[in-house]
Amino acid sequence: MKITEITTYPVFIPYEVPVGPYVGRPRTSRNDEQNAGTLGATALIVRIDSDEGITGWGEGTGSLSPEDIAAFGGADALNIEGALAIIHQAGIGTGPASGIEMALWDLQGKAAGLPVHTLLGGRVRDRAQFTACMGIKEPEESAQTARIYFERWGFTSIKTKAGHDAELDLAIAAAIVKEMGDQAQLRPDANAGYSEQIGVEQMQRMRDVGVTRFEDPVAREHLDALVQMRKEGTQILVNMGVAGPGSVADLLVAGAADALMPDTPAAGGLLPVQKVARVAEGFDVPCLMHCAHDLGLKTAAITHMAAATPNFSGPNDTCYHGLIDDVLTESLVFEGGCIAVPEGPGLGVVVAEEKLSQYAI
């Protein structure tokens, strides 16, 4: 089966409250207009057509040039490793590459009449658990939002942004822990915003208010600090700098992470992410998926990855619950903070092509 055409659709779908606007760690001051927050999800939807009339859909980031697309002319639609080789030779970035690779998995599944999780190795779980992501809000609003996340969607794992103002971060954490108690576990994400010294001290203060899981408190190069934080009682998750399987050796050998957080736009696709998980499995370190402000195609792909990869044993990131709509004919549904793994061929979801025009950018 040969690839005959690749078509791309850049789209944007807004968030609604309480997810949007999603404010991350400010680049300058908290009042900088540039830090107003992410207002929705931007994605590159990729359609791949084959000479047997089967179409696959994927979701990535960035863009593809006509030269990038031309590199796949006549390529084997059933050869994922071959496609990754073409991507490497053509110098295509991992963001758009992840959309191509995902579309090929969807196409292969449809050709075989099998869900992607079967192609990835077989299902070991029926539902994928998710962590509901929350931007930086004032402490009281953060606590109120956490309550909504739990009561409306059933999330028992919640992630907040942090890393710019240590005192505010601590106040937010204390407010959420007080509000949620043992109903939901909090995992702040500093995006490596703390220095080594402040990071070690901040983890102690976070433990004092009941936070024992933290993502990227300091830059991943500070392996000794990450190891110290773990020894002192904080579970450390690392996303920044995690790309393909060759990017995680230092973290794993040093014992600097309790979990790794790969992502398809950073790694270049589902197969590279699964390779990261396999490397981490050898060190008994689990993985979960990072959130790149995802639409339904990628969110569905995450459920297949979680279903087929034993080492994907934690709650994956999501902001999907905040979207006002999706590019799918039927949006995915959270129950108890989880999404049931689709059982249809390929990704098991259907793209509403009219929405690609509706939300085009």
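This text gives an overview of the structure that appears in the document. No experiment lies behind these values; they were computed from the predicted model shown.

Here is what the cut-offs are and how they apply
Residues numbered from 1 in each chain as written. Predicted model: local features only at pLDDT ≥ 70, side-chain atom pairs only at ≥ 80, totals over all residues. Heavy atoms only, no water. Helix = DSSP H or I, 4+ residues; strand = E, 2+ residues; numbered from the N terminus. Rg over C-alpha atoms; globule rule 2.2 N^0.38 Å. Buried < 20%, exposed > 50% of the residue type's maximum accessible area, 1.4 Å probe, protein only. Areas by Shrake-Rupley, 256 points an atom, 1.4 Å probe, with all protein chains shown as cover. Lys, Arg positive; Asp, Glu negative; His and termini not counted. Charge placed at Lys NZ, Arg CZ, Asp CG, Glu CD. Pairing = 2+ DSSP bridges. Patch = residues over 30% accessible without salt bridge, like charges linked within 9 Å, V, L, I, M, F, W, Y side chains within 5 Å. Salt bridge = Lys/Arg side-chain N within 4 Å of Asp/Glu carboxyl O. Axes fitted to C-alpha atoms, helices over the stretch in contact; angles between N-to-C directions. Parallel < 35°, antiparallel > 145°, perpendicular 65-115°, else oblique. Left-handed = near helix turned anticlockwise from the far one by under 90°. Contact = heavy atoms within 4.5 Å. Nonpolar A, V, L, I, M, F, W, Y, C, P; charged D, E, K, R; others polar. Expected span 1.5 Å × (residues − 1). Polar contact = N/O pair within 3.5 Å; in protein donor to acceptor, adjacent residues only side chain to side chain.

1. Comments concerning the overall build of the protein chain
Looking only at helices and strands, the protein chain has 13 helices and 11 strands in total. The globule rule puts the C-alpha radius of gyration for 361 residues at 21 Å, and the 20 Å found for the protein chain is close to it. For the protein chain, the spread of C-alpha atoms along the principal axes amounts to about 60 × 45 × 40 Å. Out of the 361 residues in the protein chain, the part that is buried amounts to 57%. Approximately 14,000 Å² of the protein chain is accessible, and the part contributed by carbon and sulfur atoms is 50%. If you average the places of the 26 positive and of the 47 negative side-chain charges in the protein chain, the two averages end up 4 Å apart.

2. A word on the pairing of strand S3 (residues 55–60)
In regular strands, side chains alternate between the two faces of the sheet. With 6 of its 6 residues buried, S3 lies for the most part within the structure. Across the two faces of S3 the burial is the same, with Thr55, Trp57 and Glu59 and Gly56, Gly58 and Gly60 all buried. In this antiparallel pair of consecutive strands, strand S2 (residues 40–50) and S3, the connection spans 4 residues, and Gly53 shows a positive phi of 80 degrees.

3. Things to note about a nonpolar patch on the surface
Taken together, the side chains of Val253, Val279 and Phe283 define a hydrophobic patch exposed on the protein surface, amounting to about 260 Å² of accessible area. Relative to the helices and strands, Phe283 resides in the loop between helix H11 (270–281) and helix H12 (296–308).

4. Focus: the packing of helix H2 (residues 80–90) against helix H3 (residues 94–112)
At a closest axis distance of 10 Å, the pairing of H2 and H3 adopts a crossing angle of 160 degrees. On the basis of the axis angle, H2 is roughly antiparallel to H3. Crossing handedness for the pair H2 and H3: right-handed. Contacts between H2 and H3 involve Ile80, Ala83, Leu84 and Ile87 from the first element and Ala97, Glu101, Leu104, Trp105 and Gln108 from the second. Here the residues of the contact of H2 with H3 sort into 7 nonpolar, 1 polar and 1 charged.

5. So, the pattern of salt bridges
Summed over the entire model, instances satisfying the criterion amount to 22 salt bridges. Between Asp189 and Lys159 there is a salt bridge whose closest N-O contact spans 3.4 Å. Pair noted here: Asp189 is in strand S6 (residues 185–189) and Lys159 is in strand S5 (residues 157–161), with a separation of 30 residues, a long-range link. Taking relative accessible area as the criterion, Asp189 reaches 0% and is therefore assigned buried. Among the ionic pairs, Asp263 bridges to Lys298, the shortest N-O distance being 2.4 Å. Taken together, the residues Asp263 in the loop between strand S9 (259–260) and helix H10 (264–267) and Lys298 in helix H12 connect sequence positions 35 residues apart. Using a relative accessible area of 2% as the deciding quantity, one classes Lys298 as buried. A single network of salt bridges, built from pairs that share partners, joins Lys159, Lys161, Arg187, Asp189, Glu215 and Asp317.

6. Considerations on helix H6 (residues 166–180)
For an α-helix the count is 3.6 residues per turn, leaving residues at separations of three or four pointing the same way. For H6, which comprises 15 residues, the first-to-last C-alpha distance of 21 Å matches the rise-based estimate of 21 Å (1.5 Å per residue) to within 8%. Looking at H6, one finds that the buried residues are Ala166, Leu168, Asp169, Leu170, Ile172, Ala173, Ile176 and Met180. On the buried face of H6, the contacting elements are strand S4 (127–134), helix H5 (139–153), S5, S6 and helix H7 (196–208). Of the residues that open H6, the one with a side-chain oxygen 3.1 Å from the backbone nitrogen of Glu167 is Asp165.

7. Considerations on unusual backbone geometry
Of the consecutive residues Val17 and Pro18, the connecting peptide bond is found in the cis state with omega at 10 degrees. As for its placement among the helices and strands, Pro18 is situated in the loop between strand S1 (3–14) and S2. A cis amide bond links Gly20 to the next residue, Pro21, at an omega of -5 degrees. Here Pro21 is to be found in the loop between S1 and S2. Phi is positive for Ala192, close to 60 degrees, though the residue is something other than glycine. Of note, Ala192 is situated in the loop between S6 and H7.

8. A word on the sheet that holds S1
What holds strands together in a sheet is hydrogen bonding between their backbones, with the strands either parallel or antiparallel. Strands sit in the order S1-S2-S3 across an open sheet of 3 strands; the sheet is antiparallel. The outermost strands of the open sheet, each flanked by one partner alone, are S1 and S3. Each strand of the sheet is rotated relative to its neighbour by a mean of 20 degrees, with strand direction disregarded. By the bridge criterion, 11 bridges tie S1 to S2 in an arrangement that is antiparallel. Each residue of the ladder has a partner; that of Pro10, found in S2, is Leu44. Packed onto the sheet, H3 meets S1, S2 and S3 and runs at close to 150 degrees relative to S3.

9. Notes on the packing of H11 against H12
H12 packs onto H11 with a crossing angle of 35 degrees between their chain directions and a minimal axis gap of 11 Å. Helix-helix and strand crossings are classified by hand; for H11 and H12 the assignment is right-handed. Taken together, the residues of H12 that come into contact with H11 (itself represented by Leu270, Val273 and Gln274) are Ala301, Met305 and Ala308.

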